[in-house]
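Summary of structural features
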Amino acid sequence: MKIKKKIVLIGMMGSGKSTIGALLSKKMNRKFIDVDNKIETIEKKTISQIFRLEGEKYFRKIELETILSLLNSKDSELVLSLGGGAFLDEKIKKNIKNNSLSFWLNWKPSTIIKRIRKSSKRPLIQGLTDQEIEKMMLDRNKHYARSNFKIDCDNHKKNEIVDKILSKLKENEIKSQN
């Protein structure tokens, strides 16, 4: 498989984008970049610290600049993992749709809530009820649904999810050749 586009993983926080991205990049022999980790390196602060000290607006500005820089880089051999809110930005969404292949890692709300409930690393859910997190998730799903591919992840192991992505890539490559 010789895909000339960047692969972008999107989805709710806790959906496994970083883990799946690392595994996928290994199988595809591509460089993997977790955008949140890159931002933390650039800012020399955790995402939680950035939210607390600088605010969400500042974070979204840095996130936008970082993602657009990566998406517009000459290196097409990338697998990118975006933060849960990044794909809500219209500039990011449009750039990804035009120049990359996006995969939405979709989970049932109950699974995501169980995975993120106790995390102190996720500033947007601090103090929210399970119902509020589910509402956030359902609102975001409307955006995620505009990805190129939806991967239903519940009841699948990590490697099975990676294999589902590779299968979709292969199908897409065959379609584009015809």
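Below: a short report on this structure.

Some points on the sheet that holds strand 5 (residues 149-152)
Sheet architecture is open: five strands sit in the order 2-3-1-4-5, paired in parallel fashion. Only two strands of the sheet have a single neighbouring strand rather than two, namely strand 2 (31-34) and strand 5. Neighbour to neighbour, the strand axes of the sheet diverge by 20 degrees on average, direction disregarded. With five bridges connecting them, strand 1 (residues 6-10) and strand 4 (residues 100-106) associate as parallel partners. Directly across from V8, in strand 4, lies its bridge partner S102. Strands strand 1 and strand 4 of the sheet are contacted by helix 5 (residues 90-99), whose axis makes an angle of about 115 degrees with strand 4.

Quick notes on helix 1 (residues 17-28)
Side chains that are three or four residues apart share a direction in an α-helix, a result of its 3.6 residues per turn. Here helix 1 contains twelve residues, and its C-alpha end-to-end distance of 16 Å stays within 8% of the 16 Å for a straight helix at 1.5 Å per residue. Turning to helix 1, its buried residues number three or more, namely K17, I20, G21, L24, S25 and M28. All buried residues of helix 1 project into a common sector of 130 degrees when viewed along the axis, lining one side. Residues of helix 1 that are buried sit in contact with strand 1, strand 2, strand 3 (78-81), strand 4 and helix 8 (158-177).

Describing the pairing of strand 4
Counting buried positions along strand 4 gives seven out of seven residues, so the element sits mostly inside the fold. The two faces of strand 4 match: S100, S102, W104 and N106 on one face and L101, F103 and L105 on the other face are all buried. As defined by bridge partners, strand 4 adjoins strand 5 across four bridges and the pair is classed as parallel. The partner of W104 across the bridge, within strand 5, is K150.

Describing the packing of aromatic side chains
Following the criterion strictly, the structure yields three aromatic pairs and no others. With 5.0 Å between their ring centres and 40 degrees between their planes, F51 and F59 make a pair best called tilted. You'll find F51 and F59 in the same group, each marked buried. Look at F103 and F149: their rings are 4.8 Å apart centre to centre, the planes differ by 20 degrees, and that puts the pair in the stacked class. Note that F103 is positioned in strand 4 and F149 in strand 5, a separation of 46 residues in sequence. Of the two residues, F103 and F149, neither departs from the other in class, the shared state being buried. Above the face of the F87 ring, K93 is positioned so that its terminal group lies 5.8 Å from the ring centre. Of note, R115 hangs over the ring of W107, and the distance from its end group to the ring centre comes to 4.5 Å.

Here's the deal with the packing of helix 6 (residues 109-116) against helix 7 (residues 130-144)
Contact geometry for helix 6 and helix 7: axes closest at 10 Å, N-to-C directions at 120 degrees. If you check the angle between helix 6 and helix 7, you find them oblique. As helix 6 packs across helix 7, the resulting crossing turns out to be right-handed. Residues P109, I112, I113 and I116 of helix 6 touch helix 7, and the partners they reach there are D130, I133, E134 and M137. Per-class residue counts for the contact of helix 6 with helix 7 are six nonpolar, no polar and two charged.

Reading guide: rules and limits
In this numbering scheme, every chain counts its residues from 1 along its sequence in written order. The predicted nature of this model means local features are confined to residues of pLDDT at least 70 and side-chain atom pairs, given and counted, to a pLDDT of 80 or more, with totals for whole chains, interfaces and linings taken over all residues. As a convention, hydrogens and water are excluded, and side-chain values are obtained from all of the structure's heavy atoms. At least two DSSP bridges between two strands are required for those strands to pair. Under the DSSP-based scheme used, a helix requires at least four consecutive residues in state H or I and a strand at least two consecutive residues in state E, with every element numbered from the N terminus. Note on definitions: angles span 0 to 180 degrees between N-to-C directions of axes, and those axes are lines fitted to C-alpha atoms, for helices only across the stretch in contact. By definition in these notes, contact holds between two residues if any of their heavy atoms fall within 4.5 Å. In this scheme, a helix's expected span is set at 1.5 Å multiplied by one less than its residue total. For every residue, the accessible area obtained with a 1.4 Å probe (protein chains only) is divided by the maximum for its type, and the residue is called buried under 20%, exposed over 50%, and partly exposed between those limits. The arc in question is traced by the directions running from the helix axis to the C-beta atoms. The pairing test for Phe, Tyr and Trp rings, Trp by its six-membered ring, is centres within 6.5 Å, and the orientation test on the planes gives stacked under 30 degrees, edge-to-face over 60, and tilted for anything in between. By the criterion adopted, a ring carries a charge over it if an Arg CZ or a Lys NZ lies within 6 Å of its centre and within 35 degrees of its normal. Note on terminology: angles under 35 degrees are roughly parallel, angles over 145 are roughly antiparallel, angles of 65 to 115 are roughly perpendicular, and the others are oblique. For any helix crossing, the convention is left-handed if the near helix is rotated counterclockwise from the far helix by under a right angle, and right-handed if that rotation is clockwise. For this classification, the nonpolar set comprises Ala, Val, Leu, Ile, Met, Phe, Trp, Tyr, Cys and Pro, the charged set comprises Asp, Glu, Lys and Arg, and every other residue, Gly included, is treated as polar.

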